Amino acid sequence: MELRHLKSGTDVRGTAVNPDDPKKIDLTDEAVKRISAAFVVFLAGKLGKKEEELVISVGHDSRISAERIKADVIDALASFGLEIKDCALASTPAMFMTTKMLGCDGAVQITASHHPWDRNGLKFFTPDGGLSGDEIKSILEYAEEHEIKSKTEKQNLQEVDFMSVYCEHLCEMIREGVKAEDYERPLKGLKIVVDAGNGVGGFYAEKVLSPLGADTTGSRYLEPDGMFPNHIPNPENETAMNSVREATLGANADLGVIFDTDVDRGGCVSSDGKEINRNALVALTSVIALENNPGGTVVTDSVTSAGLTEFIEKTLGGHHLRFKRGYKNVIDEAVRLEKNGINAPLAIETSGHAAFRDNYYLDDGAYLVTKIIIKAAAMKKQGKDLSDLIKDLKEPAEEKEVRLKITEDDFRAVGNELISRLSDFAAKRDDWTIAPDSHEGIKIIFPKTESFFILRQSVHDPVIPINFESAEKGGVKKAANSLYEFIKDFDGVDISPLKQIL
């Protein structure tokens, strides 16, 4: 059975629903059972335990295929005679926390993050965190070669309301962080709206903010609905951000909060309707992370702005390490730095994945927002707003991303050749500088216009993403024109998207 194509970075993802052609579903019952069984074998080997001794939790987001897939996962786990904790509707970070707060040996979350309603997937955790891409690959390879075992007569299954436990954990964080006179209701006087986009994140308004005294009137789309009828739950989506901005301004709220489907990412809107997202979110989170970590390193993905580097290093006195795209790459680099004695309290990607060292380097949107709300409460006491903390962040005058499709079958070879030739070309140009922090692809700086572009090979797709940024108007077009002179004669890449911005 072919399953390797279901690998998506560090997750398993595929089509779970297709009303028009059920034969095109690749996340089938058999596929899910085989992959879940392969995870059990993997986990037992990793922990040095017998399979029947394991305790594994299972949860899911709001997708319409969740119940079917959960039944498959539980069937596969039950065939080993191990203990299963059914956590039902849950956020992805909460499922990891079952390994810390419930003592589970592993966790399975059924989610496809912000992808469309017809998709779904499996995300696996051990007490050390999420699995690596290589570990997912080995699980899929094992699943291809091994059929599911016969189901045991006895099913050791327990239903657990873990989200209430997890929410109380977040509530206590806020009580301790704010230290208000009214300890039990530290958010009294704050108005905070939540836009959950019909994903899992509605719990944050209902079980965290409201019990702590916050006014959440005006919150939107808190009810789980796997068809996502209002907008995609995704802080990077323009429609989603417009929705939470509208809700914030309409409610005259102090803060607006938005989550992706499974709440491993988050974003905010300040009281004046301004997005605290992407570079601004990284800046605000860096303020929080570096507060008790002077000189600490903030690890981000490669497409963060020059203004952010200046803010982290000059305003906050920290160090900024731009690394590869992909939240797991960013987290793994921060973990590596820590192991080598370098203070790295935060790993964060511009997409909203933020992982604090003091939270197991877990990318948790609710934990991120909780940290921000504690800071918002402190600022309000001073008569200030969160935006005051990042007022010195210089935003680029222009930024643009284009994605060039590779037209050859061996797209990795084409991408590698393009980057190699571009590096040789750049080395011969007096007006081009190859940035020393090119950890992925290549970053070219144009000093005269304070602009740059980062060109890289997509991890999974036949695509060359190019991110442009300029400190002055017209700088992106100049940089794009300069790149065009090199790339126009390169075969195997469709450069029409680049032409459109010339």
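The structure reproduced in this document is the subject of the present report. (Residues numbered from 1 in each chain as written. Predicted model: local features only at pLDDT ≥ 70, side-chain atom pairs only at ≥ 80, totals over all residues. Heavy atoms only, no water.)

Examining the overall build of the protein chain
Looking only at helices and strands, one finds 14 helices and 23 strands in the protein chain. Since a compact globule built from 502 residues should have a radius of gyration of about 23 Å, the 23 Å found for the protein chain is in line with a globular shape. Considering only C-alpha atoms, the protein chain reaches an extent of 75 × 60 × 50 Å along its principal axes. In the protein chain, buried positions account for 57% of the 502 residues. Restricting to contacts in the protein chain with at least 6 residues of sequence separation, those with at least 24 account for 67%. For the protein chain, the computed accessible surface area is about 20800 Å², with 46% contributed by carbon and sulfur atoms. (Helix = DSSP H or I, 4+ residues; strand = E, 2+ residues; numbered from the N terminus. Rg over C-alpha atoms; globule rule 2.2 N^0.38 Å. Buried < 20%, exposed > 50% of the residue type's maximum accessible area, 1.4 Å probe, protein only. Contact = heavy atoms within 4.5 Å. Areas by Shrake-Rupley, 256 points an atom, 1.4 Å probe, with all protein chains shown as cover.)

Observations concerning the packing of aromatic side chains
With the rule as written, the count across this model stands at 14 aromatic pairs. Centre to centre, the rings of F425 and W432 are 5.2 Å apart; their planes meet at 75°, and the pair counts as edge-to-face. Pairwise contacts between aromatic rings join F425, W432, F446, F453, F468 and F486 into one cluster. A cation over an aromatic ring shows up here: K371 above the ring of F356, its NZ or CZ 5.3 Å from the ring centre. Taking the ring centre of F452 as reference, the NZ or CZ of K443 above it sits at 4.5 Å. (Phe/Tyr/Trp six-rings, centres within 6.5 Å; stacked < 30°, edge-to-face > 60°. Lys NZ or Arg CZ within 6 Å of the ring centre and 35° of its normal.)

Some remarks on the state of the cysteines
This structure, assessed with the given rule, holds zero disulfides. The structure places no disulfide on C87, whose sulfur is separated from the nearest cysteine sulfur, that of C104, by 6.6 Å. (Disulfide = S-S within 2.5 Å.)

Side note on the sheet that holds strand β13 (residues 297-300)
What holds strands together in a sheet is hydrogen bonding between their backbones, with the strands either parallel or antiparallel. One open sheet holds the five strands; their spatial order is β14-β13-β15-β16-β17, and the pairing between them is mixed. Edge strands, defined here as strands with exactly one partner in the open sheet, are β14 (319-322) and β17 (362-363). Two strands pair when backbone bridges link them, and strand β16 (residues 354-356) and β17 are joined in this way by two bridges, in the antiparallel orientation. Bridge assignment links A355 to a residue of β17, and that residue is D363. Running over the sheet, helix α9 (residues 306-315) touches β13 and β14 and is turned about 150° from β14. Along the sheet, helix α10 (residues 327-339) makes contact with β13, β14, β15 (346-348), β16 and β17, crossing β13 at roughly 155°. (Pairing = 2+ DSSP bridges. Axes fitted to C-alpha atoms, helices over the stretch in contact; angles between N-to-C directions.)

A few points about the side chain of T300
Note on placement: T300 falls in strand β13. A distance of 3.2 Å separates the side chain of T300 from the side chain of T304, its partner in a polar contact. Reaching out from T300, the side chain makes a polar contact with the side chain of H320 at a distance of 2.8 Å. When near neighbours in sequence (up to four residues on either side) are disregarded, T300 contacts V282, H320, L321, R322, F323, V330 and I348. (Polar contact = N/O pair within 3.5 Å; in protein donor to acceptor, adjacent residues only side chain to side chain.)

Re the pattern of salt bridges
Applying the stated criterion across every chain yields a total of 38 salt bridges. With a shortest N-O distance of 3.9 Å, E176 and K179 are connected by a salt bridge. Put simply, E168, E172, R175 and E184 are held in one network by salt bridges that share partners. (Salt bridge = Lys/Arg side-chain N within 4 Å of Asp/Glu carboxyl O.)

Concerning a negative patch on the surface
The grouping of E408, D409, D410, D489 and D491 at the surface amounts to a negative patch. Turning to its location among the elements, E408 is positioned in the loop between β18 (398-406) and α12 (411-427). (Patch = residues over 30% accessible without salt bridge, like charges linked within 9 Å, V, L, I, M, F, W, Y side chains within 5 Å. Lys, Arg positive; Asp, Glu negative; His and termini not counted. Charge placed at Lys NZ, Arg CZ, Asp CG, Glu CD.)

A look at the side chain of N18
Residue position: N18 is located in the loop between β2 (11-15) and α1 (29-47). Side-chain polar atoms of N18 contact the backbone nitrogen of D21, separated by 2.9 Å. Sequence-distant contacts of N18, defined by excluding residues within four places in its chain, comprise K24 and I25.

Some remarks on the packing of α12 against helix α13 (residues 475-487)
For the pair α12 and α13, the least separation of the axes is 11 Å and the interaxial angle reads 115°. Considered as vectors, α12 and α13 are oriented roughly perpendicular to each other. Both α12 and α13 take part in a crossing whose hand is right-handed. From α12, L418, R421, L422 and F425 reach across to α13, where they touch L483, F486 and I487. A class-by-class count of the residues in the contact of α12 with α13 yields six nonpolar, no polar and one charged. (Parallel < 35°, antiparallel > 145°, perpendicular 65-115°, else oblique. Left-handed = near helix turned anticlockwise from the far one by under 90°. Nonpolar A, V, L, I, M, F, W, Y, C, P; charged D, E, K, R; others polar.)

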